[in-house]
Amino acid sequence: MSEVVHPPESVYNLIPKEEVHTQKPPMYMSKFRPTVVLEKKSTKDAMRTMGPAKVEVPSPDKYLKKHSKEPKLPEKTQSSKEVRHIYTARKPAVPVRTDNPPMVMHTKRDFIKTTTLVPMKPQPTFVDTKKGHKQRLENSGLVPKYIKKKDYGEVPEYLLQRSEEEQRAQEEYDNFVKEQKEQGAMKHLSDEERQAVVEGLKKSWDEVHHEYQGLSLVIDTLSKKAHKERLEVAMKQLENDINLFERPCG
């Protein structure tokens, strides 16, 4: 409960007040505090000097020598001659002159004569670098080989199919619009129906006009102004509709 504060001229200030002493709860003390203090003290005492207390002093003979930190190659286990001897010993022996080659199929065709009679035609190439690098002329794009195709210059089949689909979709859309226009076409009203529509419009105009007459004289807020404009637009639209239906048919 909060204490009520009175002004200095109040009579209640003359009444002696009882002093209320609040007793604070004992401060929390972790049970691991002695262990943490002991560990911190032992670690701090060990680092009082420059570095740990017990450090092995380096020997004067173990100084940094030249090329001592460079990577060293592994020592050779065998000499190069021995290794070469091992690899040469594993190769198969040279065949004897009297040995026949392992050929199963035999032919009487003279390949040398055939090669000399029908020489290979050189492929046309072109040089594309100053160092003489050559490439085949057929794959360079400089040879007009595509104009020699049978279907060169013709419209692709997929384009014809796409144009047919677009034409079909346009015809379906035109038919749909035509049906909608036929369904929503205006019909001729009789005099009784036209009079009933005019009476309904006038009744609606009277209701809106009655609501308009009930507006406050002072339009001081945005909502009142918007409501007034909305009623005026509705009345104007109803008046146009009434004039349209009351117009004589010519």
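Residues numbered from 1 in each chain as written. Predicted model: local features only at pLDDT ≥ 70, side-chain atom pairs only at ≥ 80, totals over all residues. Heavy atoms only, no water.

Per an unreviewed UniProt entry, the protein chain is named Enkurin, TRPC channel interacting protein, and its organism is Seriola dumerili.

Visitor: Would you mind showing me how to read the overall build of the protein chain here?
Guide: If you tally the helices and strands in the protein chain, you get six helices and two strands. Walking the protein chain from its N terminus toward its C terminus, one meets helices and strands in the order α-α-α-β-β-α-α-α. The buried share among the 250 residues of the protein chain stands at 3%. The contacts in the protein chain between residues at least 6 apart in sequence include a share of 33% that link residues at least 24 apart. Within the structure as shown, the protein chain displays about 26300 Å² of accessible surface, and the carbon and sulfur contribution to it stands at 58%. (Helix = DSSP H or I, 4+ residues; strand = E, 2+ residues; numbered from the N terminus. Buried < 20%, exposed > 50% of the residue type's maximum accessible area, 1.4 Å probe, protein only. Contact = heavy atoms within 4.5 Å. Areas by Shrake-Rupley, 256 points an atom, 1.4 Å probe, with all protein chains shown as cover.)

Visitor: I keep staring at a nonpolar patch on the surface and nothing clicks. Help me out?
Guide: On the surface, Val-155, Tyr-158, Leu-159 and Leu-160 cluster together to form a nonpolar patch covering roughly 380 Å² of accessible area. Among the secondary structure elements, Leu-159 is positioned in helix α4 (residues 157-183). (Patch = residues over 30% accessible without salt bridge, like charges linked within 9 Å, V, L, I, M, F, W, Y side chains within 5 Å. Salt bridge = Lys/Arg side-chain N within 4 Å of Asp/Glu carboxyl O.)

Visitor: Looking at this structure, I do not really get helix α6 (residues 222-246). What am I missing?
Guide: An α-helical turn contains 3.6 residues, so any two residues separated by three or four positions project in the same direction. When the terminal C-alpha atoms of α6 are compared, their 36 Å separation across 25 residues agrees well with the 36 Å that a helix rising 1.5 Å per residue should span. For α6, every residue scored as buried is listed here: Leu-231, Met-235, Leu-238 and Ile-242. Buried residues belonging to α6 abut α5 (191-213). (Expected span 1.5 Å × (residues − 1).)

Visitor: Even after reading the chapter, I still don't get the pattern of salt bridges, so can you show me in this structure?
Guide: Any two side chains of opposite charge can pair if their charged atoms end up close together. Counted under the stated rule, the structure contains four salt bridges. The salt bridge partner of Arg-194 is Asp-191, with a shortest N-O separation of 3.7 Å. Of this pair, Arg-194 and Asp-191 are both found in helix α5, three residues apart, which corresponds to roughly one turn of the helix. The class for Asp-191 is exposed, based on a relative accessible area of 52%. For Asp-220, the salt bridge identified is with Lys-224, shortest N-O distance 3.5 Å. According to the relative accessible area criterion, Asp-220 is exposed, its value standing at 54%.

Visitor: Can you help me understand the packing of aromatic side chains in this one?
Guide: Geometry of an aromatic ring pair is reported as the spacing of the ring centres plus the angle between the planes. This structure, assessed with the given rule, holds zero aromatic pairs. If you follow Lys-65 out to its NZ or CZ, it ends over the ring of Tyr-63, 5.7 Å from the centre. (Phe/Tyr/Trp six-rings, centres within 6.5 Å; stacked < 30°, edge-to-face > 60°. Lys NZ or Arg CZ within 6 Å of the ring centre and 35° of its normal.)

Visitor: Would you explain the nonpolar core in this entry?
Guide: Side chains of nonpolar character tend, in soluble globular proteins, to be buried together. Counting residues in hydrophobic clusters, the biggest one holds six residues: Leu-201, Val-208, Leu-231, Met-235, Leu-238 and Ile-242. Those elements that place two or more of their residues in this core are α5 and α6. Not counting residues up to four positions away in its chain, the partners in contact with Leu-231 are Val-208, Glu-211, Tyr-212 and Leu-215. (Core = buried A, V, L, I, M, F, W, Y, C linked by side-chain atoms within 4.5 Å.)

Visitor: Could you clarify how one ought to interpret the side chain of Ser-10 in this entry?
Guide: Assignment of secondary structure puts Ser-10 in the segment before α1 (33-46). Within the structure, Ser-10 has its side chain in polar contact with the backbone nitrogen of Tyr-12 (distance 3.4 Å). (Polar contact = N/O pair within 3.5 Å; in protein donor to acceptor, adjacent residues only side chain to side chain.)

Visitor: Just checking my understanding: could you explain unusual backbone geometry for this structure?
Guide: Negative phi values dominate among residues other than glycine, just as trans dominates among peptide bonds. Look at His-67: it is not a glycine, yet its phi comes out positive at around 60 degrees. Position of His-67 among the secondary structure elements: in the loop between α1 and α2 (80-89).

Visitor: Please clarify how the packing of α5 against α6 should be interpreted in this entry.
Guide: For any two helices packed against each other, one specifies the crossing angle of their axes together with the interaxial distance. Viewed as axis vectors pointing N to C, α5 and α6 meet at an angle of 160 degrees, and their least axial separation amounts to 9 Å. Between α5 and α6, the angle falls in the class roughly antiparallel. Crossing of α5 against α6: the hand is left-handed. In contact with Arg-194, Val-197, Val-198, Leu-201, Lys-202, Ser-204, Trp-205, Val-208, His-209, Glu-211 and Tyr-212 of α5, α6 contributes His-227, Lys-228, Leu-231, Glu-232, Ala-234, Met-235, Leu-238, Glu-239, Asp-241, Ile-242, Phe-245 and Glu-246. Partitioning the contact of α5 with α6 into residue classes produces twelve nonpolar, three polar and eight charged. (Axes fitted to C-alpha atoms, helices over the stretch in contact; angles between N-to-C directions. Parallel < 35°, antiparallel > 145°, perpendicular 65-115°, else oblique. Left-handed = near helix turned anticlockwise from the far one by under 90°. Nonpolar A, V, L, I, M, F, W, Y, C, P; charged D, E, K, R; others polar.)

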